[in-house]
Every structure is written in C-alpha cells, then in structure tokens.
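Tertiary structure, described
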Amino acid sequence: MRKVVATSVADLRKRPSHSSELVSQGLMGTEVEILGRNRTGTWLKVALPDGYAGWMRSWYLSVRKPARRNREVLVGAALTFVRERPLETSHGLTDAVMGSRLTAAGAKGSWVRVLLPDGRKGWIRKKDLLLGPRRGEGSAESVVRTARSLLGVQYLWGGKSVKGFDCSGFVQFVFELNGLSLPRDSRDQFRSGSRISWPRGKDRLLAGDLLFFGKKGKAISHVAIYIGSGRMIHCQGQVRMGSVRGGTGLYDASLMRLFRGARRIIFN
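Description of the structure in this document.

Conventions and cut-offs
- Residues numbered from 1 in each chain as written.
- Predicted model: local features only at pLDDT ≥ 70, side-chain atom pairs only at ≥ 80, totals over all residues.
- Heavy atoms only, no water.
- Phe/Tyr/Trp six-rings, centres within 6.5 Å; stacked < 30°, edge-to-face > 60°.
- Buried < 20%, exposed > 50% of the residue type's maximum accessible area, 1.4 Å probe, protein only.
- Helix = DSSP H or I, 4+ residues; strand = E, 2+ residues; numbered from the N terminus.
- Lys NZ or Arg CZ within 6 Å of the ring centre and 35° of its normal.
- Core = buried A, V, L, I, M, F, W, Y, C linked by side-chain atoms within 4.5 Å.
- Contact = heavy atoms within 4.5 Å.
- Pairing = 2+ DSSP bridges.
- Axes fitted to C-alpha atoms, helices over the stretch in contact; angles between N-to-C directions.
- Salt bridge = Lys/Arg side-chain N within 4 Å of Asp/Glu carboxyl O.

Summed over the entire model, instances satisfying the criterion amount to six aromatic pairs. Taking the centre distance of 5.6 Å and the plane angle of 70° together, the rings of Phe165 and Phe170 count as edge-to-face. Owing to a relative accessible area of 0%, Phe165 belongs among the buried residues under this scheme. A centroid spacing of 5.8 Å and a plane angle of 70° characterise the contact between Phe213 and Phe259, whose relative ring orientation is edge-to-face. Pair noted here: Phe213 is in strand 18 (residues 210-213) and Phe259 is in strand 22 (residues 259-264), with a separation of 46 residues, a long-range link. Among the aromatic side chains, those forming a connected cluster through ring pairs are Phe165, Phe170 and Phe173. One Lys or Arg, Arg57, reaches over the ring of Trp59 and ends 3.8 Å from the middle of that ring.

Spelled out as structure tokens, the structure:
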C-alpha cells in the first residue's frame, strides 16, 4: 500500500515516538510505501523513495494518489503558501517548501490553481513554481546554483528540507532537485559516482564534485559540494561556504585534516 505526504514536511523517526531520533524527512507530494503500523494506528512505518525507512505520524499522509507526471509542478521558492483564493490577503491552506510536488489545475493571471495531496484546492503564485523546461537541470551549474540558494539554512539532524538540513540531507536534496539521485547517508554517497585522485593525483576538482570527511578507520561522517575556485558548500551549523585552500577565512584546518576523498557524480 502507498500513501502520499500531505504536509509541507513530514518527519521520519527511528521509532514511533515524537521523542525518537529524526532520521529523515519527506516533502509534500512524496509517495511512500506503507510497511506497517503501531498498535493504535497513529504511527505508520514507511519507506521513502530512496529506500530510507522509519516511522511517520499518520496525519502527515493521505491516501490520495500522487500527481500525474505531466501535470506535476515543483515548488521552487524556499517557502511559500497555498492560499484559498488567488490573493496575497487570502487565508493560507498550507505552507509549501522548495521541492514540494503539487498538481496544476488551471491558472489566473500570476497565480496557478493547484490540487493538494489531500484533495483540497488552492492557489499559489506562479513565480514560486518551477514551470516548463528547467535550464541546465542535472548540470554542475544547476547544482551549484541550487546549493548557493540555500546558504544560511540552519542545521537539523535528520533534516532534508529548507526548514533544516543535515550534511548528507542537504547534498541529497540539492542533487535530487536537479534530477540526480543519491543515497541518503554520506557513507553511502561515498560509494556513488567515480573516485577522484585529489589532492595527491592527476585529477582536479570540478564544480559538482563531492568531498567526504571522517576520522581514519571510522565511517564517513561529513560531505560537501565543491563549487569551483577552491570553495565548497556544506551544512555544518548551517549551510555555509568553505574552502579547500589554506590561507583564506573560509578554510577550516580541523575539517580538512579529516578529508577522506572525493567523488564525481556529474559527468556532463
């Protein structure tokens, strides 16, 4: 059985309890597979499309089928609202975050009528949606552009939305928004793409490459996106800029001492 995330962000927890560890999140419009439920039915065990499994409150989910691909629209604004009527002063039905998937059901001026996963209908500003062909989707340029747009978003363990990211959730989200699939955890992302021999090798870093960090002999514990010119973007405290070159204010020597390797995901 499958259901769809009906709220802007749905928390996925390790156990069926609000006090349990947050392990990931699903965004509005995400289809999940139902694996089980607790005794009262208030929590559902689900698997996200990336295979990550955990527990969600049943109120996050709707039985409505997700949008058909040819009518689906993606929210591009960091945070916006779906409103009852096509007016800024109209009451909000729900918030929607970057990456949320809605169904287009018409338009009026600068507004698009959308169908929410729970069946309600509302209006969202056209400028807050990604409509039509997306320039450079899947390219290093588009990945870097998305990563830059998220600078300043706070760190949240288990977070995978503009309401808070952890390091690997940030990387997965950025690539996912650009049509590129990655595993959820940094240790699994470290096995994606192809290995780059840097800095002790002939390879040079290219924008969109991933940089991995962790104590020697331990699992990978941190990941960053290289954006060119010696700089990287990663989520540590917040989504921030960093540098792989010493002698700059962005350089973190303690982090670079933990460097374990780089991987290339984008080959165009």
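Once the structure has been displayed, the description carries forward.
Once that is clear, we can look at the nonpolar core. Ranked by internal contacts, the top residues of the largest apolar core, which has 32 residues, are Leu150, Phe165, Phe170, Val171, Phe175, Leu210 and Ile225. Within the residue set of this core, elements represented by two or more residues are helix 1 (140-149), helix 2 (167-177), strand 18, strand 19 (222-228) and strand 20 (231-235). Considering each element in turn, this core owes the most residues, seven residues, to helix 2. Setting aside its immediate chain neighbours within four residues, Phe165 contacts Leu150, Val153, Gln154, Tyr155, Leu156, Gly159, Lys160, Phe170, Phe173, Cys235 and Val239.

Below, the discussion takes up the sheet that holds strand 19. Within the open sheet, the six strands sit side by side as 17-22-18-19-20-21. Their pairing is antiparallel. The open sheet has two edge strands, strand 17 (194-196) and strand 21 (239-243), and neither has a second partner. Within this sheet the neighbouring strands show an average axis-to-axis angle of 35°, counted without direction. Here helix 1 sits on the sheet in contact with strand 19, strand 20 and strand 21, set at roughly 115° to strand 19. Strands strand 18, strand 19, strand 20 and strand 21 of the sheet are contacted by helix 2, whose axis makes an angle of about 45° with strand 19.

All right, on to the pattern of salt bridges then. With the rule as written, the count across this model stands at 13 salt bridges. The residue Arg2 makes a salt bridge to Glu31 at a minimum N-O spacing of 3.9 Å. A residue pair is termed long-range when its members are at least 10 positions apart, and Arg2 in strand 1 (residues 2-5) and Glu31 in strand 4 (residues 31-37) qualify at 29 residues. For Arg2, a relative accessible area of 48% puts it in the partly exposed group. With its nearest N and O atoms 2.7 Å apart, the salt bridge here joins Lys163 to Asp95. With Lys163 in the loop between strand 15 (160-161) and strand 16 (164-165) and Asp95 in strand 10 (residues 92-97), this pair connects stretches of sequence that are 68 residues apart. In this structure Lys163 comes out as partly exposed when scored by relative accessible area, which is 38%. Within the structure, one salt-bridge network assembled from shared partners comprises Glu88, Arg125 and Asp128.

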